[in-house]
Amino acid sequence: MKFTTVFPLSLACLISVYVVRCSKVKLVNNGYDNVVIAINPGIPEDPKLIVKIQEMVTSASSFLYNTTKHRAYYRDVKILLPNTWNQNASYKRPTTQSYEKADVIIADPHLKHGDDPYTLQYGGCGAKGRYIHFTSNFMLNDSLFPVYGARGRVFVHEWAHLQWGVFDEYNDLVPFYFSNKETKATRCSKEIKGMTASCTGGSCSPCGIDSSTGLPNADCMFFPDQSQITTASIMYLQGLPEVAEFCNNKTHNSEAPNMQNKMCNYRSTWDVINESEDFKNNSPANIIPLAPRFHLLQARDRVLCLVLDNSGSMNTANRINKLQQAAAIFLMQIIEKGSQVCIISFNSGATIEKRLTLIENDDMRKQLIKFLPTVARGGTNICAGVLAGFKVLTDDDGAKNGDEIVLLTDGLDSTIKDCFTTVKQSGAVVHTIALGPSAAEELEQLSNMTGGLQFTASDKVNASGLIDAFTGLVSGNGDINQQSIQLESSGKSINNNGWFNGTVFVDKTVGNETFFVITWQHGEPVVLVHDPSGKTYNIGNFEINKILLTARLKINGTAQTGAWTYTIQNQAGTVQVLTITVTSRAANEKVPPVTVNAHVNQDTSAWPNPLVIYAEVSHGFLPVVRAQVKATVERADGHSVDFVLLDDGSGADAVQDDGIYSRYFTHFGGNGRYSVKVSVQGKDGVTRLAARTQGRAMYIPGYVQNGQIQQNPPKPPIVDDDSQAKLGSFSRVKSGGTCIVSQVPAGPLPDKYPPSKIMDLKATIVEDKIQLIWTAPGDDYDQGNASYYEIRLSKNFPQLKDDFQSAQRVNTTGLKPKAANSEETFMVSENIELKNGTFIYFAVRAVDKENQTSELSNIAQAALILLPIVPTNPPTPPEPSQPPSPSNPTSPPNSSLQPSKPIIFNIATILLIAGAAVIVVALIIAISVCVLVNRGHKKVSPS
């Protein structure tokens, strides 16, 4: 049946507010319900951890209530304990909650990278994050209070990242900047007072100046006063006692070079928060917030039922055989040992093929395969299959809470809504697989209402989408070492006597339970697999199933690391589709495998809203960068689109080198389901690990108390253990699920997509000229070529930000935009007088062939400081709330340094010092030498 259903616009989600995670958090009557905090299975059992979590959330609730002006607090919180902890009668079974869908996870990193609390954020301004990460040491070690602040305050700081999509207002990479010809600390608000100093070994001294930038040296730090007169901002310094608000439009520092300004177009955090879905229709409450209710839940081994369609339409396009092949891979290689599995088939009614069976060994797995449906006939009654599955799921403990159903169907069913209420109240999770173009349009509502996964598999002859869907159904209990990792998944239509060749890399993080599985349609192929040492496995080494038309090779022990090659020849006498799937598990339970998580930024979308495809590549909690990542989107019209995902901080990608690869998708074709598959290749010597640098609570270096710097312990250095960090070459494949697209016009699509915003504009002074560098956007967001650039300059930052069109236009004759994601370099030709203390701002917009303009770029500053700065603090009047300047500015540890505005040197002071220096030098050396020295001191300042 031809798929012609148009999905309603009401299902569409706006890209800026899409929830990437599957969280079920809801704000109802000012209270957040169903907040899930999950403990990783690798954390040793410790009752104190539960107590600390409860204390953190309780204090955070009151703090949140006040910071949101009585509009939100935490009412209902579920703490999910791992199944590795001892069972307790007071622990309840989870329903739809799981580690993978938790809002907060508590886990220790494999490689030590400190205890910084952080939030993993995928998207742009206003986009919800994936999860908050706390380490067990952060939760249990009270001595960390001085460096991060009280845990409740930190939790609210991270909650703002997670729930409202705001960003940090400090910047470790650019801790100081120029404003009004003065050096200031990157912060919000500007009214945060403190002092700058360089501290080593407990001794502090005035900051030196980097002669190439005019800014403080890299070891210079800003120490805030312990007591402040301002109450903003939580996204800068959540640990200060007086800080109890987010920066608003009155207190926001729009000039600071931080992520909040970069990502949110210089809007304040409170402005973004106030416009979130949570607060649009949520008035302040006039009640005292109640203490949160806590529920202790404990994960169990999986209890899962395959509910499989064997109606007459499953005879179409060989679907029943594809179902058997894919489900067999799931049963043999994916479902974890210790799980219980049942099998239900359904057409006009439902049949219990196999009741719950405990998977203890491979023999049990093989027995289950025999109960997969083999005959297709009759109508389609989806509810009959689901309800039969629910019934069998109660066999183990009388309840369905936390149990799973994998529902696969290819048919329409007008009665599917009859069981919606039962499904929603079941406490079970329903994963859905839509096979072919005619599966019921309401199918995904079953997975949405229960927090399940959703996949689509087409009838495309050379696709392996159904296998990819089943291999994506791994456990969500957080124990990554139990999960099967897909290394390869590929299918191809091969002519008679033709060959299908490829290479898959087994890296050192995987290798246990490694399987090579070949499937065919008509006749058994010739198969050769070569391991890295040259050993060859042929079809005689495979286990053949002539009913399922599959061959399975299990590598004994731990598979060798390196390149495994395969060659498959079709000898069926006719064209047939051959597929290969390679899966493996972790090689060492103490070392997490490299994993890939793929996502589409929305479950449903109405054209012309673009999709954003994300792929997170990680090793434990560390980002894996510089990998080659390709996405394949199979459209509703049956055509596939391949494109590369990038981690360069441009276009759809928010942050460079954070292990999150992304790209816009705009090449729509037809209404219906769009499926996504991501393939990742890591190359030895190129791919590497990186540290998380964004979305973190600030590590506070110390405070100024009574005119003295009280240092905190220095931040622990990142441990770079090369023996652990070198990943080698690796291969990964992951399904990214399904998105339903509606309102796509028939025929050629009009151009509705402007170039993407330029996020990385830099301005530097090179040989008396100003050079601009940025990453090129495309004609349609981050694809193609823009038509031209509009560049403007101003000596006034607010002019570019608020009235771009009134600023001076830069002559861009001869500047032809390069292809998207290329580096653009442009020398400004305007006659600009560059002298000591020159500060000029630049901004760019890209324009496409339809005259659609991008958002305004970040505003870049070009600054020129001609002379090096003497590294000493000039005398400044003390702030009213601060003591007078001490006589000895370089005293021993905890010495008293003059607290002042965070200003190192203004231009007047620079010129005064420079003039005095010239006089002294003139008395010593010749005027000609002095001139040469001054010219030699002429340096370039980055923006």
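Above this note sits the structure.
Residues numbered from 1 in each chain as written. Predicted model: local features only at pLDDT ≥ 70, side-chain atom pairs only at ≥ 80, totals over all residues. Heavy atoms only, no water.

## Comments concerning the sheet that holds strand E22 (residues 499-506)
- In spatial order, the strands read E22-E28-E24-E25; together these 4 strands make up an open sheet with antiparallel pairing. Lying at the two open borders of the sheet, with one neighbouring strand each, are E22 and strand E25 (536-538). Neighbour to neighbour, the strand axes of the sheet diverge by 15 degrees on average, direction disregarded.
- For strand E24 (residues 526-530) and E25, the ladder comprises 3 bridges, and the chain directions are antiparallel. Its bridge partner lying in E25, His530 is registered against Thr536. (Pairing = 2+ DSSP bridges. Helix = DSSP H or I, 4+ residues; strand = E, 2+ residues; numbered from the N terminus. Axes fitted to C-alpha atoms, helices over the stretch in contact; angles between N-to-C directions.)

## Considering unusual backbone geometry
- With omega at 25 degrees, the peptide bond leading from Ala232 into Ser233 counts as cis.
- Position of Ser233 among the secondary structure elements: in the loop between strand E13 (220-224) and helix H5 (259-263).
- For Lys181, which is not glycine, the phi torsion reads 60 degrees and is therefore positive.
- Mapping Lys181 onto the fold places it in the loop between strand E9 (176-179) and strand E10 (182-185).
- Classification of Lys181 by relative accessible area gives partly exposed; the value is 45%. (Buried < 20%, exposed > 50% of the residue type's maximum accessible area, 1.4 Å probe, protein only.)

## Here's the deal with the state of the cysteines
- The full count for this structure, using the stated rule, is 6 disulfides.
- The partner cysteine of Cys199 in its disulfide is Cys204, sulfur to sulfur 2.0 Å. Linking Cys199 and Cys204, the disulfide has an S-S dihedral of approximately 110 degrees and is accordingly described as right-handed. Note on accessibility: Cys199 and Cys204 belong to one class, buried.
- What pairs with Cys207 in a disulfide is Cys220, and their sulfur atoms sit 2.0 Å apart. For the disulfide bridge between Cys207 and Cys220, the dihedral angle about the S-S bond is near 80 degrees, and by the sign convention the bridge is right-handed. Pair noted here: Cys207 is in the loop between strand E12 (203-205) and E13 and Cys220 is in strand E13, with a separation of 13 residues, a long-range link.
- For the chain, the bonded cysteines pair up as 1-8, 2-7, 3-4, 5-6, 9-10, 11-12 when numbered in the order they occur along the sequence. (Disulfide = S-S within 2.5 Å.)

## Observations concerning the packing of aromatic side chains
- Here the structure, examined in full by the defined rule, presents 29 aromatic pairs.
- For the ring pair Trp164 and Phe279, a centre distance of 5.6 Å and an interplane angle of 45 degrees mean the geometry is tilted. Taken together, the residues Trp164 in helix H4 (residues 151-164) and Phe279 in helix H7 (residues 277-280) connect sequence positions 115 residues apart. Note on accessibility: Trp164 and Phe279 belong to one class, buried.
- Where Phe668 meets Tyr674, the ring centres are 5.8 Å apart and the plane angle is 65 degrees; that geometry is what we call edge-to-face. Considered together, Phe668 and Tyr674 belong to a single accessibility category, that of buried residues.
- One aromatic cluster is present, formed by Tyr32, Tyr74, Phe134, Phe138, Tyr148, Phe155, Trp159 and Tyr699 through successive ring pairs.
- Stacked on the ring of Phe222, the Lys or Arg Arg187 has its end atom at 5.9 Å from the ring centre.
- Of note, Lys400 hangs over the ring of Phe390, and the distance from its end group to the ring centre comes to 5.8 Å. (Phe/Tyr/Trp six-rings, centres within 6.5 Å; stacked < 30°, edge-to-face > 60°. Lys NZ or Arg CZ within 6 Å of the ring centre and 35° of its normal.)

Read these as geometric descriptors, not functional statements.
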